[in-house]
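Inside the fold
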Amino acid sequence: MNDKSPLVRQWQLLAALSSRPAGGALAEFARELDAGERTIRRDLIALCQAGFPLEESLGDHGRKHWALKPLDSLPALSLNWMEAMSLYLGRRFMKPLAGSNFDISASRAFRKIRSTLGEQPLRYLDKMSRAFHVTGAGQVDYTGKANLIDELTTAIEDRRVVQLVYQSERSTEPVSRDVHPLGWIYHGSAAYLAAHAPDHGERRLYKLDRMESAFASELRFPKPPDFLPEQFLAGALGVYRGSDGEPTLVRVRFHGAVARAVQEKRWHASQTLTPQSDGSLIAEFRLTSLVEIKSWLLSWGRHAQVLEPAPLITALRAEIAALAEVYSLESRLQAAVEPAEPAAGHATPGQPADQKQPKPRKLATHKSKSRPHPK
């Protein structure tokens, strides 16, 4: 007998019921899902309580028979043309879930929309889709992580303790740890698992890319009543939360050359943007971490000037000085071009092949300190 979690098994049970318009016997579903009849009956009752229109009846020889009522017995789920076409065009945004149970079901739904629209509208949509392009820079492909996504999503729903094998940015090898998964957070084309870390006594983010495996145990943890992803990241510009203390006020002057570009987006819930008479813009944020805003401000170059806080000004000065040193070294390297080290087994002109080649002199570079990515 398998050890599927209730959520996965119930999802598969719904799929089995959907494929049998006339329904099926309890024993049939038990054999198909490799589970006991009592387990399947509990799953059916749970689905009924969740609002799915299931009917129980007596079949041949008094056997229990279950069926999922046809969709027309429910209030009609109707889509107009624009709604159907918009959903069809938006299917590309399901890519991060590729291969997961959610993606499989969504793909079936998209196929139904495709067959309903007809050939001519689809040709129009395919033509229209070429007018939209999502750049691939920085995108993450989670096709190989489908099982991980399913396992962790199930653990979130069932509140199961997960044994997570994870390699943080600072680690040289993966480490196994127990976590209480709370929810998914999608930021910057990457997926993060928000979870309570009992060993550290705090909630942390775990990047999906750095997960090796995840196993949901039979142990359960109490559902925290206060967890909301938007509140969890309220003081972060992205996913760096910093301390839980009072947020730091950040004030930045953006020069007129970029003021409009800054105004065109909402960067943080706390932002206030105040245009100045000289065409510049004063932006204010209240953040619990300065890590991400430092990188963000550097992307604006000389057009962004931090007014406060002092620690952020100091950090930017150090980073800019380090950059100047790096580029100064590069210019010296270009001015005094050193011969490249020949490949192993090859000699430079006028030198025997068996003589060791001198290694080129390494120039020290200054590395600025930066806080690592979320655990």
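Notes on the structure follow. (Residues numbered from 1 in each chain as written. Predicted model: local features only at pLDDT ≥ 70, side-chain atom pairs only at ≥ 80, totals over all residues. Heavy atoms only, no water.)

**A word on the sheet that holds strand β9 (residues 248-254)**
- Pairing is antiparallel across the open sheet formed by 4 strands, whose spatial order is β10-β11-β9-β12. Each edge of the open sheet is held by one strand with a lone partner, namely β10 (272-275) and β12 (304-308). Taken over all neighbouring pairs, the strand axes of this sheet differ in orientation by 25 degrees on average, direction set aside.
- Helix α9 (residues 256-263) rests against β9, β10 and β11 (281-287) of the sheet, and its axis sits at about 125 degrees to β9. (Pairing = 2+ DSSP bridges. Helix = DSSP H or I, 4+ residues; strand = E, 2+ residues; numbered from the N terminus. Axes fitted to C-alpha atoms, helices over the stretch in contact; angles between N-to-C directions. Contact = heavy atoms within 4.5 Å.)

**Looking at the packing of aromatic side chains**
- Under the defined criterion, the tally for this structure stands at 8 aromatic pairs.
- With 6.2 Å between their ring centres and 85 degrees between their planes, Trp 267 and Trp 300 make a pair best called edge-to-face. One end of the pair, Trp 267, is in the loop between α9 and β10; the other, Trp 300, is in the loop between α10 (291-298) and β12, with 33 residues separating them in the sequence.
- Classification of Trp 300 by relative accessible area gives buried; the value is 16%.
- Judged by centre distance (6.0 Å) and plane angle (90 degrees), the rings of Trp 296 and Trp 300 are edge-to-face. (Phe/Tyr/Trp six-rings, centres within 6.5 Å; stacked < 30°, edge-to-face > 60°. Buried < 20%, exposed > 50% of the residue type's maximum accessible area, 1.4 Å probe, protein only.)

**Remarks on the nonpolar core**
- Val 162, Leu 164, Leu 205, Tyr 206 and Met 211 are the most contacted members of the largest nonpolar core, which totals 33 residues.
- Of all elements in the fold, only α7 (146-158), β4 (160-166), β5 (175-187), β6 (190-197), β7 (202-207) and β8 (211-220) reach the threshold of two or more residues within this core.
- Examining the composition of this core, we find that 7 residues originate from one element, β6, more than from any other.
- Other than its neighbours up to four places away in sequence, Leu 164 contacts Val 175, Ser 176, Arg 177, Val 179, Tyr 206, Met 211, Ser 213 and Ala 214.
- Phe 254, Val 258, Leu 297 and Trp 300 belong to the second largest nonpolar core, which has 18 residues in total. (Core = buried A, V, L, I, M, F, W, Y, C linked by side-chain atoms within 4.5 Å.)

**A closer look at the packing of helix α1 (residues 6-18) against helix α2 (residues 26-33)**
- Running from N to C, α1 and α2 point in directions that differ by 125 degrees, and their axes come no closer than 11 Å. In terms of axis orientation, α1 runs oblique to α2. Crossing of α1 over α2 shows right-handed handedness. Facing Arg 9, Gln 12, Leu 13, Ala 16 and Leu 17 of α1, the residues of α2 in contact are Phe 29, Glu 32 and Leu 33. (Parallel < 35°, antiparallel > 145°, perpendicular 65-115°, else oblique. Left-handed = near helix turned anticlockwise from the far one by under 90°.)

**Comments concerning the environment of Ile 40**
- Among the structural elements, Ile 40 can be located in helix α3 (residues 37-49).
- Along the primary structure Ile 40 and Ala 30 are separated by 10 residues, whereas in three dimensions their C-alpha atoms are 6.2 Å apart.
- Ignoring any residue separated from it by four or fewer positions in sequence, one finds Ile 40 in contact with Arg 9, Leu 13, Leu 26, Phe 29, Ala 30, Leu 33 and Ala 35.

**Details of the pairing of β10**
- Here 4 bridges tie β10 to β11, and the two strands are oriented antiparallel to one another. Directly across from Pro 275, in β11, lies its bridge partner Leu 281.
- Turn length for the β10-β11 hairpin, with the two strands adjacent in sequence and antiparallel, is 5 residues, and the turn residue Gly 279 shows positive phi of about 95 degrees.

**A few points about the packing of α2 against α3**
- Close contact between α2 and α3 brings their axes to 9 Å; oriented N to C, the two are set at 105 degrees. When the axis of α2 is compared with that of α3, the two are roughly perpendicular. Seen from α2, the contacting residues are Leu 26, Ala 27, Phe 29, Ala 30 and Leu 33; seen from α3, they are Glu 37, Ile 40, Arg 41 and Leu 44.

**Focus: the side chain of His 268**
- Along the chain, His 268 falls in the loop between α9 and β10.
- Taking the relative accessible area as the measure of exposure, His 268 reaches 7% and is therefore buried.
- At 3.1 Å, the side chain of His 268 forms a polar contact with the backbone oxygen of Ala 236.
- The contacts of His 268, once residues within four sequence positions are left out, are Ala 234, Gly 235, Ala 236, Leu 237, Phe 285, Arg 286 and Leu 287. (Polar contact = N/O pair within 3.5 Å; in protein donor to acceptor, adjacent residues only side chain to side chain.)

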